[in-house]
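Analysis of the macromolecular model
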Amino acid sequence: MIKIYGMDTCPDCTYVEQQIEGNDRYEVVDIGRHVKNLKEFLHLRDTSPAFEEARNAGMAGIPCFVLEDGTVTLVPEDAGLKSRPLAEGASCSLDGSGC
């Protein structure tokens, strides 16, 4: 099973979630729903080298994918999904450049 960390207020996350509706190959963990989920994600974000670029850019790093082999990635295509088209714009970061 592929675990996806995200939030329902993140446009990139909701774009990914629409692709997996009804597919039990994926598990969505909403980091805004419970502090336990947030702590689980923050531990992953603080310890995984996959987040280095996101941390340096001041981005949250969601959606995040933990693949079946334990690989952590921020690239939807690595999890068999599509990224939200750039033409739809970025809206999550304080400067409007992305999540």
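Reference entry: report on the structure contained in this document. (Residues numbered from 1 in each chain as written. Predicted model: local features only at pLDDT ≥ 70, side-chain atom pairs only at ≥ 80, totals over all residues. Heavy atoms only, no water.)

1. So, the overall build of the chain
Counting secondary structure elements, the chain contains three helices and four strands. When the helices and strands of the chain are listed from N to C terminus, the series reads β-α-β-α-α-β-β. A burial count over the chain gives 35% of its 99 residues as buried. The long-range fraction of contacts in the chain, counting pairs at least 24 apart against all pairs at least 6 apart in sequence, stands at 53%. Within the structure as shown, the chain displays about 6,000 Å² of accessible surface, and the carbon and sulfur contribution to it stands at 51%. (Helix = DSSP H or I, 4+ residues; strand = E, 2+ residues; numbered from the N terminus. Buried < 20%, exposed > 50% of the residue type's maximum accessible area, 1.4 Å probe, protein only. Contact = heavy atoms within 4.5 Å. Areas by Shrake-Rupley, 256 points an atom, 1.4 Å probe, with all protein chains shown as cover.)

2. A short note on the nonpolar core
In terms of nonpolar packing, the biggest core is built from 12 residues, these being Tyr 5, Cys 10, Cys 13, Val 29, Ile 31, Phe 41, Leu 44, Phe 51, Ile 62, Cys 64, Val 66 and Val 72. Going through the elements one at a time, helix H2 (35-47) and strand S3 (64-66) are the ones with two or more residues in this core. Excluding its chain neighbours within four sequence positions, the residues that come into contact with Tyr 5 are Val 29, Ile 31, Glu 40, Phe 41, Leu 44, Ile 62, Pro 63, Cys 64 and Val 66. Counting residues in each nonpolar core, the second largest holds nine residues, with Tyr 26, Phe 65, Leu 67 and Leu 81 among its members. (Core = buried A, V, L, I, M, F, W, Y, C linked by side-chain atoms within 4.5 Å.)

3. Regarding H2
Under the 1.5 Å per step criterion, the end-to-end length of H2 is 18 Å for 13 residues, consistent within 8% with the ideal 18 Å. Those residues of H2 that are buried are in contact with strand S1 (2-6), strand S2 (26-30), helix H3 (52-56), S3 and strand S4 (72-73). (Expected span 1.5 Å × (residues − 1).)

4. So, the packing of aromatic side chains
Scanning the entire structure with this criterion turns up two aromatic pairs. Between Tyr 5 and Phe 41 the ring centres are 5.9 Å apart and the planes differ by 40°, which places this aromatic pair in the tilted class. Pair noted here: Tyr 5 is in strand S1 and Phe 41 is in helix H2, with a separation of 36 residues, a long-range link. Accessibility assignment for this pair places Tyr 5 and Phe 41 in one class, buried. Seen from their ring centres, Phe 41 and Phe 51 are 5.7 Å apart, and the 80° between their planes marks the pair as edge-to-face. Note that Phe 41 is positioned in helix H2 and Phe 51 in the loop between H2 and H3, a separation of 10 residues in sequence. Judged by relative accessible area, Phe 51 falls into the buried class, the value being 0%. (Phe/Tyr/Trp six-rings, centres within 6.5 Å; stacked < 30°, edge-to-face > 60°.)

5. Digging into a nonpolar patch on the surface
The grouping of Val 35, Leu 38 and Leu 42 at the surface amounts to a nonpolar patch, some 220 Å² of accessible area in total. Structurally, the position occupied by Leu 42 is in helix H2. (Patch = residues over 30% accessible without salt bridge, like charges linked within 9 Å, V, L, I, M, F, W, Y side chains within 5 Å. Salt bridge = Lys/Arg side-chain N within 4 Å of Asp/Glu carboxyl O.)

6. With respect to the pattern of salt bridges
Counted by the stated rule, this structure contains three salt bridges. Asp 12 serves as the salt-bridge partner of Arg 84, at 2.6 Å between the closest nitrogen and oxygen. Of this pair, Arg 84 sits in the segment after S4 while Asp 12 sits in helix H1 (residues 11-20); the two residues are 72 residues apart in sequence, bridging distant segments of the chain. For Arg 33, the salt bridge is made with Asp 30, and the minimal N-O distance between the two is 3.7 Å. Since its relative accessible area comes to 14%, Asp 30 is described here as buried.

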